[in-house]
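So you can see what is in the structure, the chains are spelled out below.
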Amino acid sequence: MSDGSIQHPLLDGDVRCEFERTLSGEYCAEEGQVQLDGLRLCERHATQLRLEGRAAYWRAMVAHIELWSGEAQRRGSKDVVRLLEVERERSTAALESASEELQRSRDGRSEDGEDGSGDGRAPPPW
């Protein structure tokens, strides 16, 4: 006799990666091992979302630095402009690094350029 609860086979044991619930919307049949932002994700997709967040952060930092640098130039604050130029260089380097890591993650390669096992995509359902 049933207790009235609805059971889904995926919820009893292994939960598949929920990457399709993100803006990228890609289906993934790998096991969801990492809890991130309320989703169960495979390692590859969790890493990818973390890197996307890091790249977005650095893009916002560069934009703010450019905004404040323009304001400092208008006010004639040369010392502040120089400091902001240094910070812009640091932030741009961090953005480039995060973008490169993200591209490697999307391509399925590790930092040393080795090809990863699997691409996080399931075979066609037929």
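Please read these numbers as outputs of a predicted model, since none were measured by experiment.

Q: Is there a simple way to explain the nonpolar core in this structure?
A: A general tendency of soluble globular proteins is for nonpolar side chains to be buried together. One finds Cys17, Phe19, Cys28, Val34, Leu36, Leu39, Leu41, Cys42, Ala46 and Leu49 forming the largest nonpolar core, which totals ten residues. Contributing elements (two or more residues each) for this core: β1 (34-36), β2 (39-41) and α2 (43-75).

Q: How should I be thinking about α2 in this particular structure?
A: Three- or four-residue spacings in an α-helix give side chains the same orientation, since the helix completes a turn every 3.6 residues. Between its first and last C-alpha, α2 extends 48 Å over 33 residues, near the 48 Å set by a 1.5 Å rise per residue. Two residues or fewer after α2 comes Gly76, characterised by a positive phi angle close to 75°.

Q: Help me understand the packing of aromatic side chains, please; the structure alone is not making it clear to me.
A: Describing an aromatic ring pair means giving the distance of the ring centres and the angle of the ring planes. Here the structure, examined in full by the defined rule, presents one aromatic pair. Where Tyr57 meets Trp58, the ring centres are 4.9 Å apart and the plane angle is 80°; that geometry is what we call edge-to-face.

Q: Is there a simple way to think about the side chain of His45 in this case?
A: Tracing the backbone shows His45 in helix α2. At a separation of 3.1 Å, a polar atom in the side chain of His45 contacts the side chain of Arg44.

Q: Looking at this model, I keep getting lost on the confidence of the model for the protein. Mind explaining?
A: Caution is warranted with low-pLDDT regions, since their predicted coordinates should not be read in detail. In the predicted model, the protein carries a mean pLDDT of 79, and 74% of its residues have values of at least 70. The low-confidence segment residues 1-12 (pLDDT under 50) makes three contacts with residues lying over four places distant or belonging to another chain.

Q: I keep staring at the pattern of salt bridges and nothing clicks. Help me out?
A: Side chains carrying opposite charge are able to pair once their charged atoms draw close together. If you walk through the whole model with that rule in mind, you get seven salt bridges. Residue Glu71 is joined to Arg74 by a salt bridge in which the shortest nitrogen-to-oxygen separation is 3.2 Å. Of this pair, Glu71 and Arg74 both sit in helix α2, three residues apart, roughly one helical turn. Assessed through its relative accessible area of 25%, Glu71 is described here as partly exposed. Overall, Arg74 belongs to the exposed group, its relative accessible area being 62%. Across the pair Arg75 and Glu71 runs a salt bridge, and its minimum N-O distance is 2.8 Å. Linking Arg75 with Glu71, this pair stays in helix α2, spanning four residues, or about one helical turn. Exposure remark for Arg75: the relative accessible area of 64% places this residue in the exposed category. It is possible to trace a salt-bridge network through shared partners that takes in Glu71, Arg74 and Arg75.

Calculation rules
For every chain, the first residue of the written sequence is number 1, and numbering continues from 1 along that sequence. Owing to the predicted nature of the model, reporting of local features is limited to residues with pLDDT of at least 70; listing and counting of side-chain atom pairs is limited to 80 or more, with chain, interface and lining totals taken over all residues. The side-chain numbers reported here are obtained from all heavy atoms of the structure, hydrogens and water having been left aside. We call a set of buried residues a nonpolar core when its members are Ala, Val, Leu, Ile, Met, Phe, Trp, Tyr or Cys and they connect through side-chain atoms within 4.5 Å of each other. A simple rule labels every residue: compare its accessible area, found with a 1.4 Å probe on the protein chains alone, to the largest value its type can have, and call it buried under 20%, exposed over 50%, or partly exposed in between. For the purposes of this entry, the term helix denotes a DSSP run of H or I that reaches at least four residues, the term strand denotes a run of E that reaches at least two, and both are numbered from the N terminus. Take the residue count of a helix, subtract one, and multiply by 1.5 Å to get its expected span. Note on aromatic pairs: the rings of Phe, Tyr and Trp (six-membered ring only in Trp) are paired at centre separations within 6.5 Å, and the planes decide the class, stacked below 30 degrees, edge-to-face beyond 60, tilted for the rest. N or O atoms within 3.5 Å of each other form a polar contact, as long as, within protein, one can give a hydrogen and the other can take it, and as long as residues adjacent in sequence are counted only when both atoms are side-chain atoms. Confidence scores labelled pLDDT are given residue by residue by the predictor and lie between 0 and 100. Every residue pair with non-hydrogen atoms within 4.5 Å of one another is taken to be in contact. Any Lys or Arg side-chain nitrogen located within 4 Å of an Asp or Glu carboxyl oxygen qualifies as a salt bridge.

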